[in-house]
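What follows is the residue order along each chain.
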Amino acid sequence: MTPKNHNRKQGTIDIKNLCFSYEKDHPVLRGVNISIHNQERFGIIGPSGAGKSTLLLHLNGILYGQGTVRVGGREVNKDTAPEIRSRVGMVFQNPDDQLFNPTVEEDIAFGPLNMGLGPDEVRRRVKETLEEMRLQGYEKKTSHHLSFGERKRVALATVLAMRPEIVAFDEPFSNLDPSMVEQLLHIIKDLPATVVIVSQEIIPVAACCGRVAVLKEGQIITTGPSYEVVRDKDLLRSCSLDLSIYESVCKKIF
Ligand SMILES: Nc1ncnc2c1ncn2[C@@H]1O[C@H](COP(=O)(O)OP(=O)(O)OP(=O)(O)O)[C@@H](O)[C@H]1O
Ligand SMILES: [Mg+2]
């Protein structure tokens, strides 16, 4: 394989017939098929309990099911997981699963340090990422004393500082104020990476993802261009994702 071909493939994700259960006789993922291109922004929307977080945890071998998951053409298994984890940055749904250092700057520096980067480069990345996430002034604060939305931004920063080839976001927009959602949409648009977002929030997902899949009860029921999928009110209603309730209020406000 030439280096050029390798580059084109490194951010791809291929999930084939993935099935997973936490408990016997209670399948959570039921034959999921998804193919994501290098550098694509791909959204997976679905109601609470559909299996979105569970699906995401298969991308870097935190969970293993039946079927295959390939990242950059390599199958995710116990042997490849350590290397794949260095390429797939995972932003968890709950920021407290991601933050464990005494200060914000130590949390952000942790990944780059683990990658073996030198102190100057680590400092540079921490500074740049703090600016990107509008966290200047938070360097010495303790993550666990921050608000949930602030912790969410720090958790995003810990992943972005590693500059992964693929960034997998679990509910990135929850608990962010509208200006931070706007900022995050810009960051996602400009990321030099493949981006996968799982979320119940269809409006910001449609704003930043070219394609969207709908996950319902562990199955992908449709995949298509974002705006086509989110305009299908019957489909969204059948998945408890219909936003019509907000439509009339928005019309009155704007
Ligand atoms: N560790 C676990 N053990 C047993 N069952 C689990 C576990 N984690 C999740 N589940 C179950 O698996 C199903 C899918 O959960 P998952 O968290 O993947 O859904 P989700 O689509 O991410 O939901 P949400 O939108 O609320 O985050 C749910 O029924 C949940 O109760
Ligand atoms: Mg979830």
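Because the structure is predicted, anything quoted here is derived from the model rather than measured. The written sequence of each chain sets the order in which its residues are numbered from 1. Note on labels: chains are lettered from A, ligands numbered from 1, in written order. The model is predicted, so local features are restricted to residues of pLDDT at least 70 and side-chain atom pairs to those at 80 or more, both for listing and for counting; the totals for chains, interfaces and linings are taken over all residues.

Visitor: Describe unusual backbone geometry, with residues and values.
Guide: Not every positive phi belongs to a glycine, and Gln39 is a case in point at roughly 70°. Residue placement: Gln39 occurs in the loop between β2 (26-36) and β3 (41-45). Within the chain, Ser240 stands out as a residue other than glycine whose phi angle is a positive 60°. Helix numbers and strand numbers start at the N terminus; a helix is a DSSP run of H or I with at least 4 residues, a strand a run of E with at least 2. Relative to the helices and strands, Ser240 resides in the loop between α10 (233-238) and α11 (244-253).

Visitor: Mind laying out the packing of helix α4 (residues 104-114) against helix α6 (residues 148-160), listing which residues take part and the relevant values?
Guide: Between α4 and α6, the shortest axis-to-axis distance is 7 Å and the interhelical angle comes to 30°. Relative to α6, the element α4 is oriented roughly parallel. Judged by the twist between their axes, the crossing of α4 over α6 is right-handed. Contacts between α4 and α6 involve Val104, Asp107, Ile108, Phe110 and Gly111 from the first element and Val154, Ala157 and Thr158 from the second. Orientation is described by lines fitted to C-alpha atoms, with helices fitted over the stretch in contact, and by angles between N-to-C directions that extend from 0 to 180 degrees. Convention used here: angles under 35 degrees read as roughly parallel, angles over 145 as roughly antiparallel, angles from 65 to 115 as roughly perpendicular, and any remaining angle as oblique. Crossing handedness follows the turn of the near helix against the far one: under a right angle anticlockwise gives a left-handed crossing, and clockwise gives a right-handed one. Residues are scored as being in contact if the C-beta atoms we place from backbone atoms lie within 7 Å.

Visitor: Go over the nonpolar core, please, and point to the residues and values.
Guide: Think of a nonpolar core as buried Ala, Val, Leu, Ile, Met, Phe, Trp, Tyr and Cys residues chained together by C-beta atoms that fall within 7 Å. The burial criterion counts other C-beta atoms lying within 10 Å of a residue's C-beta, which is placed from the backbone; the residue is buried at 20 or more, exposed at 12 or fewer, and partly exposed between these limits. Core analysis: the largest hydrophobic core is formed by 64 residues, its most contacted members being Val91, Ala157 and Ala168. Note that the domain bounds reflect an automated or database-derived domain assignment. Two domains each put at least three residues into this core: domain 1 (1-87 + 166-184 + 191-254) and domain 2 (94-163). In this view, Val91 contacts Ala155, Leu156, Val159, Val167, Ala168, Phe169, Asp170 and Pro172; residues no more than four positions away in its chain are not counted.

Visitor: Explain the sheet that holds strand β5 (residues 74-75) residue by residue, including any values.
Guide: Strand pairing is assigned whenever DSSP identifies at least 2 bridges connecting the two strands. As summarised here, the arrangement of the 4 strands in space is β2-β1-β4-β5, forming an open sheet in which the pairing is antiparallel. Single-partner strands in this sheet number two, and they are β2 and β5. Bridging between strand β1 (residues 13-23) and strand β4 (residues 66-71) involves 5 bridges; their strand directions are antiparallel. The partner of Ile13 across the bridge, within β4, is Val71.

Visitor: Could you give me a rundown of the domain arrangement of the protein chain, with the residues and numbers involved?
Guide: Annotation of the protein chain at the domain level lists domain 1 (1-87 + 166-184 + 191-254) and domain 2 (94-163). Computed from C-alpha coordinates alone, the two centres of domain 1 and domain 2 are separated by 24 Å. Listed by partner, the interface residues are 7 residues for domain 1 and 7 residues for domain 2. Tallied by class, residues from the side of domain 1 that touches domain 2 come to 4 nonpolar, 2 polar and 1 charged. Under the scheme applied here, ten amino acids are nonpolar (Ala, Val, Leu, Ile, Met, Phe, Trp, Tyr, Cys and Pro), four are charged (Asp, Glu, Lys and Arg), and all others, including Gly, are polar.

Visitor: Any details on the site of ligand 1? Residues and values, ideally.
Guide: Any residue whose C-beta atom, as placed from the backbone, lies within 6 Å of a molecule or strand is termed near it. Lining the immediate environment of ligand 1, one finds 13 residues, of which Tyr22, Ser48, Lys52, Ser53 and Thr54 sit closest. Going through the elements one at a time, β1 and α2 (52-56) are the ones with two or more residues in the shell around ligand 1. Ranked by residue count, the leading element in the shell around ligand 1 is α2, at 3 residues. Taken together, the residues that form the shell around ligand 1 break down as 3 nonpolar, 8 polar and 2 charged.

Visitor: Give a description of the sheet that holds β3 that names residues and reports values.
Guide: Spatially, the 6 strands line up as an open sheet ordered β6-β7-β8-β3-β9-β10, and their pairing is mixed. What marks the edges here is a single partner per strand, and that holds for β6 (88-91) and β10 (219-225). Across the sheet, the mean angle separating the axes of adjacent strands is 15° when strand polarity is ignored. Two strands pair when backbone bridges link them, and strand β9 (residues 211-216) and β10 are joined in this way by 6 bridges, in the antiparallel orientation. By the bridge assignment, Lys216 is partnered in β10 with Gln219.

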